[in-house]
Amino acid sequence: MSNSIPEIEDCPMMLCVGTNMTECHPIIALRVKKAVRKGAKLFVVDPRKIPLAELADGHLQIQLGSDVALFNAMAKVIIDEDLHDKEYVEQRTEGFEELKKHLESFTLEYAEKISGVPKELIRECAIEYGSAERAGIYYTLGITEHICGVSNVQSLCNLALITGNLGKRSAGVNPLRGQNNIQGAGDAGALPNNYPGFQDVTSAESRKKFEKAWGVPLDPDKGITKIAALDHAVDGRIKAMWICGENTLVTDPDVKHTTKALESLDFFVVQDMFLTDTAQKAHVVFPAAAFTEVDGFFTNSDRRIQRIRKASDPPGEAKPDWWIIAEVAKRMESGVHFDYDSSSEVFDELASVSPIYAGLDYDRIDSGELHWPVPDHDHPGTPVLHEGVFLNGKGKLQLLDYVPPSENPDDEYPFYLTTGRRLPTYHTNTMTGRSEGFRILVPNEWLEIHPRDAEKLGFEDGDWARISSRRGDVTTRVAITRTSPSGTVFMSFAFPEETLTNNITNPDVDPITETPEFKVAAVAVERIEAPAGFSAEPALQADPAIEDPRDG
């Protein structure tokens, strides 16, 4: 996030895009609700009628995958109405005139045709965003899990740059991370293109720095993503794999492909708290300790470094993740120093090689109040990034084209499937699926389908359906609800033991990040009889099946 989470409460204009925040980030959503109570404007861009939309001044119920067309049109309105920050654009950006020309074809009429959002609402949202003294953008996987995910993010950055909303309090561009330490993992170098502290692996200067710190020569080329690694396992280029803390067999798209990849390996190691679906295919399983059983630190969405402290001993032979990795590394005799005695020593090394952590040590992060970058020991931290200047030059405005989803409905697969999380079950069954209490709130998976589509297919609430894509099929109950628009169905990943949603999700990826297009797949839906041992009970409280002229 470019800005800190507490600042949200004072943000006068919030644009929440592709984020079912009240279910996926409920604590952050409380900040949004407080801002609304203070009089803030709220516009929600989401294909579903999520709870956050009920609080909004405007809900732009966008067609799946049409974000670039929508946000380009908003940028055009802001420029045409002379709402852009001319001084900021002149001093802190480059490519404005080229962007202005590029946007000529992104008219409100074009955006309405592509996105399905009325042009009047697009214009209203653009005017409110462009007119606000400060405006914040908040997004999650509804933006990034597309084949054009990078372009989606860049189109939002264009909006922030032309209005001067980067580098000021209660504004900015703010991705909300999906787990508690995704930001911290990236900080520590768990990315194929970066050393710790987001230092480029292809930079000769960075490489020399880390070769000196670690005492071994380093590969000058960037690494590969997990998606590429699985592909390489299938074709034989990768013989061994070590997966830490991820149930890949459940979380990745196209389960058949993932299964083939893991079963093709000569040697497979899993390091996890539980014997997950993925761990059951491993040759070696290292039992890892939980966060309450170790000392360490997390870095959260807004770059706040937070200490965690051991509250109990790990069970059996479970050990901290860093200890397991270090002990294996020692036995590999690689020449790299792995003689750590504590997590604080690991942190000290990170701080010594990473400029954004340079002013930190275990004592300084004890309070959990500091946001990186913290370049020296006297620095107070940086809640707001980019104040006054971009350290790497000017903000580059991007010329982006609309790219449709890789799959669209046709005669064989006439529905869009989109996926996401639900509040009680969060994501897969690895964690929340092990607590019986959650099944009281959400006892099973269901297919969310609009009343109009349910009527055409002959469904009643609680009936069973088979959902098929070009990859495979799954079965689950049906919930008739107006949350999703007509023509689009929705599922979560929470019950893979019963309904393995990733059997049918779309494996096509963004060409830059290789993030799969989890948010869009073409599927067919048909009614089936309830499987043996199951009844056709309502999956949840359904909406009244009445015609509503507001439904798409």
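Quick caveat: nothing in here was measured; it's all calculated off a predicted structure.

A. Molecular detail of the domain arrangement of the protein chain. Looking at the assigned domains, one finds that the protein chain contains domain 1 (5–176), domain 2 (178–221 + 288–373), domain 3 (224–278) and domain 4 (415–545). Using only C-alpha atoms to locate each centre, domain 2 and domain 4 end up separated by 37 Å.

B. Here's a closer look at empty space enclosed by the protein. The final tally for this structure, using the stated rule, is two cavities of 30 Å³ or more. In this structure, the second largest cavity occupies an estimated 30 Å³ of space. Along its surface, the second largest cavity is lined by Val250, Phe493, Pro496, Thr499, Leu500, Thr501 and Asn502. Residue composition of the lining of the second largest cavity, grouped by class: four nonpolar, three polar and no charged.

C. Representation of unusual backbone geometry. Along the chain, Trp372 connects to Pro373 via a cis peptide bond; the corresponding omega equals 5 degrees. Looking at where Pro373 falls in the secondary structure, it is placed in the loop between helix H16 (343–353) and strand E14 (395–396). Backbone geometry places Phe198, a non-glycine residue, at a positive phi of 60 degrees. Note on placement: Phe198 falls in the loop between strand E7 (194–195) and strand E8 (199–200). Classification of Phe198 by relative accessible area gives partly exposed; the value is 32%. Phi angles above zero are rare outside glycine, and Glu514 is one such case at about 60 degrees. Relative to the helices and strands, Glu514 is located in the loop between strand E19 (488–491) and strand E20 (521–528).

D. Focus on the environment of Ser203. By the element assignment, Ser203 lies in the loop between E8 and helix H11 (204–214). We classify Ser203 as partly exposed; its relative accessible area is 22%.

E. Summary view of helix H15 (residues 321–332). With twelve residues, H15 ought to run about 16 Å at 1.5 Å a step, and its terminal C-alpha atoms sit 17 Å apart, in line with that. Tucked into the core, H15 has its buried residues touching strand E9 (240–244), strand E10 (267–272) and strand E11 (284–287). Just beyond H15, the residue with positive phi is Glu333, at close to 50 degrees.

F. Highlighting the pairing of E19. Burial along E19 is two-sided: Thr488 and Phe490 and Val489 and Met491, pointing in opposite directions, are all buried. Inspection of the sheet shows strand E15 (residues 415–419) paired to E19 by four bridges, in the parallel sense. Across the sheet, the residue bridging to Leu417 is Val489, located in E19.

G. The packing of aromatic side chains, seen in detail. Evaluation of the coordinates by the stated rule reveals twelve aromatic pairs. A ring pair is formed by Phe210 and Trp214, whose centres lie 5.0 Å apart and whose planes are at 55 degrees; its orientation type is tilted. In this pair, Phe210 and Trp214 both sit in helix H11, four residues apart, roughly one turn of the helix. A residue is classified by how much of its surface remains accessible, and Phe210, at 0% relative accessible area, is buried.

H. The arrangement of the packing of helix H3 (residues 67–80) against helix H6 (residues 108–115) in detail. Look at H3 against H6: their axes get within 9 Å of each other, and the N-to-C directions meet at 160 degrees. Comparing the axis directions of H3 and H6 gives the class roughly antiparallel. Crossing angle aside, the handedness with which H3 passes H6 is left-handed. Residues Ala69, Leu70, Ala73 and Val77 of H3 touch H6, and the partners they reach there are Leu108, Tyr110, Ala111, Ile114 and Ser115. When its residues are assigned to classes, the contact of H3 with H6 shows eight nonpolar, one polar and no charged.

I. Looking closely at the sheet that holds strand E2 (residues 41–45). Strand order in the open sheet formed by five strands is E3-E2-E1-E5-E6, and the pairing between neighbours is parallel. Because the sheet does not close on itself, it has two edges, and the strands there are strand E3 (58–60) and strand E6 (172–175). The mean angle between the axes of side-by-side strands here comes to 15 degrees, regardless of whether they run parallel or antiparallel. Examined bridge by bridge, strand E1 (residues 13–17) and E2 share five bridges and lie parallel to one another. Looking across to E2, one finds that Cys16 is bridged to Val44. In this fold H3 packs onto E1, E2 and E3, with an angle of close to 160 degrees to the strand it touches most, E1.

J. Expanded view of the sheet that holds E9. Read across the sheet, three strands follow the order E9-E10-E11 without closing on themselves; strand pairing throughout is parallel. Because the sheet does not close on itself, it has two edges, and the strands there are E9 and E11. Each neighbouring strand pair of the sheet contributes to a mean axis angle of 10 degrees, computed without reference to strand direction. Note: E10 against E11, four bridges, orientation parallel. Bridge pairing links Gln271 to Phe286 in E11.

Analysis parameters
- Residues numbered from 1 in each chain as written.
- Predicted model: local features only at pLDDT ≥ 70, side-chain atom pairs only at ≥ 80, totals over all residues.
- Heavy atoms only, no water.
- Domains from an automatic or database assignment.
- 1 Å grid on protein atoms, 1.4 Å probe; cavity = no way out; pocket = protein on both sides within 12 Å on 5 of 7 lines; lining within 4 Å.
- Points joined across faces, edges and corners; volume = space filled by probe spheres on them.
- Nonpolar A, V, L, I, M, F, W, Y, C, P; charged D, E, K, R; others polar.
- Helix = DSSP H or I, 4+ residues; strand = E, 2+ residues; numbered from the N terminus.
- Buried < 20%, exposed > 50% of the residue type's maximum accessible area, 1.4 Å probe, protein only.
- Expected span 1.5 Å × (residues − 1).
- Contact = heavy atoms within 4.5 Å.
- Pairing = 2+ DSSP bridges.
- Phe/Tyr/Trp six-rings, centres within 6.5 Å; stacked < 30°, edge-to-face > 60°.
- Axes fitted to C-alpha atoms, helices over the stretch in contact; angles between N-to-C directions.
- Parallel < 35°, antiparallel > 145°, perpendicular 65-115°, else oblique.
- Left-handed = near helix turned anticlockwise from the far one by under 90°.

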